[in-house]
Amino acid sequence: MEEDSDEEPRNIMKDYPGMYDRLQKEELGFRSESFKKVYLIFYNLFQFIGFMYILVVMGIRYSRDNAESMPGTYEAVGNALKFIQLIQYLEVMHPIFGYTKGGALIPFLQVSGRNFVLFAMLEHEPRMMTKPVV
């Protein structure tokens, strides 16, 4: 008899899909989102704000100083760019943890390629930092 009473609530929930979500919405006034959805929203928002900051700083410098702004642009946004690029390694971890679909190899190769250019080629060659292509 004890075993039947344990099985009964699980079977009831299978018969009424979405019942828990409806009850939670009625009780709290909202339905709580999963942690991974909220995390991915904040991660993408952080990336957007970071790259927007870099774009705005570069745009303001260029509109103010025209071509003379290029030698100092890397100094102005370099640290922010390096930080945002390092945070992008979380893109490799997302499929591993099951937060996104797909594999981890392709994001790893993409992020590593960009970081190689940034850290191995640009960071160790100060003459490249002043070039317009950078």
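Just so it is clear, the structure is predicted and the values come from calculations on it, not from any experiment.

Peer 1: Give a detailed account of the overall build of the protein chain, specifying residues and quantitative values.
Peer 2: Along the protein chain, the regular secondary structure elements total seven helices and zero strands. Along the protein chain, helices and strands appear, N-terminal first, in the series α-α-α-α-α-α-α. Out of the 134 residues in the protein chain, the part that is buried amounts to 20%. In the form shown here, the protein chain has an accessible surface area of approximately 10300 Å², with 64% of it arising from carbon and sulfur atoms.

Peer 1: Lay out the side chain of N115 with the relevant residues and their values.
Peer 2: Mapping N115 onto the fold places it in helix 6 (residues 105-122). Other than its neighbours up to four places away in sequence, N115 contacts Q85, L86, Y89 and A120.

Peer 1: Quick rundown of the packing of helix 3 (residues 35-65) against helix 5 (residues 90-97)? Include the residues and the values.
Peer 2: Between helix 3 and helix 5, the least distance of the axes is 13 Å, while the angle of their chain directions is 165 degrees. Taken as axis vectors, helix 3 and helix 5 run roughly antiparallel relative to one another. For helix 3 against helix 5, the interelement crossing comes out left-handed. On the side of helix 3, the interface is formed by Y39, L40 and Y43, while helix 5 contributes L90, E91 and H94. When the residues that make up the contact of helix 3 with helix 5 are grouped by side-chain class, the tally is four nonpolar, one polar and one charged.

Peer 1: Residue-level account of the pattern of salt bridges, with values.
Peer 2: Scanning all chains against the criterion turns up three salt bridges. Across the pair R64 and D65 runs a salt bridge whose closest N-O atoms are separated by 3.2 Å. What makes R64 exposed here is its relative accessible area of 56%. With relative accessibility at 25%, the residue D65 sits in the partly exposed group. When the shortest N-O distance is used, the salt bridge between K82 and E123 registers 3.3 Å. In this pair, K82 sits in helix 4 (residues 70-87) while E123 sits in the loop between helix 6 and helix 7 (126-129), placing the two residues 41 residues apart along the sequence. According to the relative accessible area criterion, E123 is partly exposed, its value standing at 28%.

How each quantity is defined
Residues numbered from 1 in each chain as written. Predicted model: local features only at pLDDT ≥ 70, side-chain atom pairs only at ≥ 80, totals over all residues. Heavy atoms only, no water. Helix = DSSP H or I, 4+ residues; strand = E, 2+ residues; numbered from the N terminus. Buried < 20%, exposed > 50% of the residue type's maximum accessible area, 1.4 Å probe, protein only. Areas by Shrake-Rupley, 256 points an atom, 1.4 Å probe, with all protein chains shown as cover. Contact = heavy atoms within 4.5 Å. Axes fitted to C-alpha atoms, helices over the stretch in contact; angles between N-to-C directions. Parallel < 35°, antiparallel > 145°, perpendicular 65-115°, else oblique. Left-handed = near helix turned anticlockwise from the far one by under 90°. Nonpolar A, V, L, I, M, F, W, Y, C, P; charged D, E, K, R; others polar. Salt bridge = Lys/Arg side-chain N within 4 Å of Asp/Glu carboxyl O.

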